[in-house]
Amino acid sequence: MKRDFLRISELNRQEIYRIFDIAKHYKSERTMGLSSRLLRDKSIGMLFNKPSTRTRISFEIAVYELGGNPIYLPGETTQISRGETVRDTAQVTSRYLHGIVIRTYSQGDIEEFARYFAHPVINALTDLLHPCQILSDCFTISEKKGRVEGMNVTYLGDGNNISNSLILAADIMGFNIRISAPEGYQPPEEIVNLMKNKDLLKIDTDPGKFINDADVIYTDTWTSMGSEAETEKREKIFEKYQVNSRLLAGAKKDFIFMHCLPAHRGFEVTDEVIDSENSVILDQAENRLHCQKALLHFIYSD
Ligand code: CP
Ligand code: NVA
């Protein structure tokens, strides 16, 4: 049976640790993929309806280094942009491709695509979720802190695809997720209700509430792709959630700062924090490549 990756909860803890083991191998030997040629003779589409730097580049290279053929499909150059349906696109591309990585707006669209596509579908970000990012971020946390389980992860800012995926990951991996977000921008019920262990989640409007015992402090843009019209309004609403040295005054010495990037310096985070010794953003970005290669390995060797 084909294996999709549309939300992180499609993997259990054991499978995630298996993917981490594979990622460690690929990280220690970049070219190992070329020798394994796991994706030889396979073409993997990359359908992107939103911009991307990290996800697209790391997936293209991951497919290439596993011996496959990545095909970049900017949404606006396909017939989707002229109204061809998700179902027709999925059924037709199914006859050519052996898998597809999709970045789009609606989680419902990617789930519909997966119903009509005969091969694995990987979610490269929707408005609701960003599972590849958070899979890789859990790997980065384990690398930097020695474990994921039991960690205190604090997220500040907009309740978006990143914080939603962190909540789902906390439930699988057993870490505490604390979210500081203004009223009206907190995680949606549809995500919170999916948690089996709701004790792992705390939500508050106070930006300073979950700083002092945090092992990980994470933020993301206040305005996600697709909400640009609200940028000015959001800058005012989120101002006090900026991660700056004043907010972090009582933080642990060895906390790590994470951001999925792209960052809006001077808004959700200041230069002094994102460029500090606590910041792991570049290793975090690099690990996308190793973890996605490991995810593809896991999916295609099953
Ligand atoms: N973090 C992330 O997904 O970055 P891109 O939008 O550049 O792919
Ligand atoms: N929340 C951001 C993540 C970008 C990787 C967005 O959706 O734009």
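Look above for the structure.
Residues numbered from 1 in each chain as written. Chains lettered and ligands numbered in written order. Predicted model: local features only at pLDDT ≥ 70, side-chain atom pairs only at ≥ 80, totals over all residues. Heavy atoms only, no water.

### Details of the overall build of the protein chain
Secondary structure summary: the protein chain contains eleven helices and nine strands in total. Principal-axis analysis of the C-alpha atoms places the extent of the protein chain at approximately 55 × 45 × 35 Å. Across the 302 residues in the protein chain, those meeting the buried criterion constitute 55%. In the protein chain, 75% of the contacts between residues at least 6 apart in sequence involve partners at least 24 apart. Total accessible area on the protein chain is roughly 13,300 Å²; 48% of this is exposed by carbon and sulfur atoms. In the protein chain, which carries 37 positive and 43 negative side-chain charges, the distance between the mean positions of the two groups comes to 4 Å. (Helix = DSSP H or I, 4+ residues; strand = E, 2+ residues; numbered from the N terminus. Buried < 20%, exposed > 50% of the residue type's maximum accessible area, 1.4 Å probe, protein only. Contact = heavy atoms within 4.5 Å. Areas by Shrake-Rupley, 256 points an atom, 1.4 Å probe, with all protein chains shown as cover. Lys, Arg positive; Asp, Glu negative; His and termini not counted. Charge placed at Lys NZ, Arg CZ, Asp CG, Glu CD.)

### Regarding the environment of F175
Examined against the element boundaries, F175 turns out to sit in the loop between helix 7 (161-173) and strand 6 (176-180). Sequence separation between F175 and M151 is 24 residues; the distance between their C-alpha atoms is 5.0 Å. What F175 contacts, discounting residues up to four positions off in sequence, is C138, V148, G150, M151, V153, L166, A169, A170 and L200.

### Notes on the site of ligand 1
The local shell around ligand 1 consists of S52, T53, R54, T55, R103, H130, Q133, C260, L261 and R288. T53 has a polar backbone atom sitting 2.7 Å from an oxygen atom of ligand 1. Alone, ligand 1 offers 260 Å² of accessible surface; in the complex the protein occludes 95% of this. (Near = heavy atom within 4 Å. Polar contact = N/O pair within 3.5 Å; in protein donor to acceptor, adjacent residues only side chain to side chain.)

### Structural notes on the sheet that holds strand 8 (residues 216-219)
The strand order 7-6-5-8-9 describes an open sheet built from five strands, whose pairing is parallel. Of all the strands in the sheet, just strand 7 (201-204) and strand 9 (256-259) have a single pairing partner and so form its edges. The average undirected angle you get between the axes of adjacent strands in this sheet is 20°. Sheet topology places strand 5 (residues 152-156) next to strand 6; five bridges connect them, and they run parallel. Opposite V153, over in strand 6, you have I177 as the bridge partner. Where helix 6 (residues 131-145) meets the sheet, its contacts fall on strand 5, strand 8 and strand 9, and the angle it forms with strand 9 comes to roughly 165°. The strands touched by helix 11 (residues 281-301) within the sheet are strand 8 and strand 9, with strand 9 carrying the most contacts at an inclination of about 50°. (Pairing = 2+ DSSP bridges. Axes fitted to C-alpha atoms, helices over the stretch in contact; angles between N-to-C directions.)

### Here we look at the packing of helix 6 against helix 11
The N-to-C vectors of helix 6 and helix 11 enclose an angle of 115°; their axes lie 8 Å apart at closest approach. If you check the angle between helix 6 and helix 11, you find them roughly perpendicular. Once helix 6 is placed against helix 11, the crossing between them reads as right-handed. When helix 6 is examined against helix 11, the residues C132, Q133, L135, S136, D137, F139, T140, E143 and K144 are found in contact with a partner set consisting of D283, Q284, N287, R288, C291, Q292 and L295. Per-class residue counts for the contact of helix 6 with helix 11 are five nonpolar, six polar and five charged. (Parallel < 35°, antiparallel > 145°, perpendicular 65-115°, else oblique. Left-handed = near helix turned anticlockwise from the far one by under 90°. Nonpolar A, V, L, I, M, F, W, Y, C, P; charged D, E, K, R; others polar.)

### Considerations on the site of ligand 2
All residues adjacent to ligand 2 are L125, N160, N161, D220, T221, S224, M225 and L261. The contact in question runs from a nitrogen atom of ligand 2 to an N or O atom on the side chain of N160, over 3.3 Å. The fraction of the free accessible surface of ligand 2 (270 Å²) that becomes covered by protein chains is 94%. For the shell around ligand 2, the per-class residue count stands at three nonpolar, four polar and one charged.

### Here we look at the pattern of salt bridges
In this structure the tally under the stated criterion is 19 salt bridges. When the shortest N-O distance is used, the salt bridge between K293 and E65 registers 2.6 Å. In this pair, K293 sits in helix 11 while E65 sits in helix 3 (residues 54-65), placing the two residues 228 residues apart along the sequence. Exposure class is identical for K293 and E65. Each is buried. Connected via shared salt-bridge partners are R30, E65 and K293. (Salt bridge = Lys/Arg side-chain N within 4 Å of Asp/Glu carboxyl O.)

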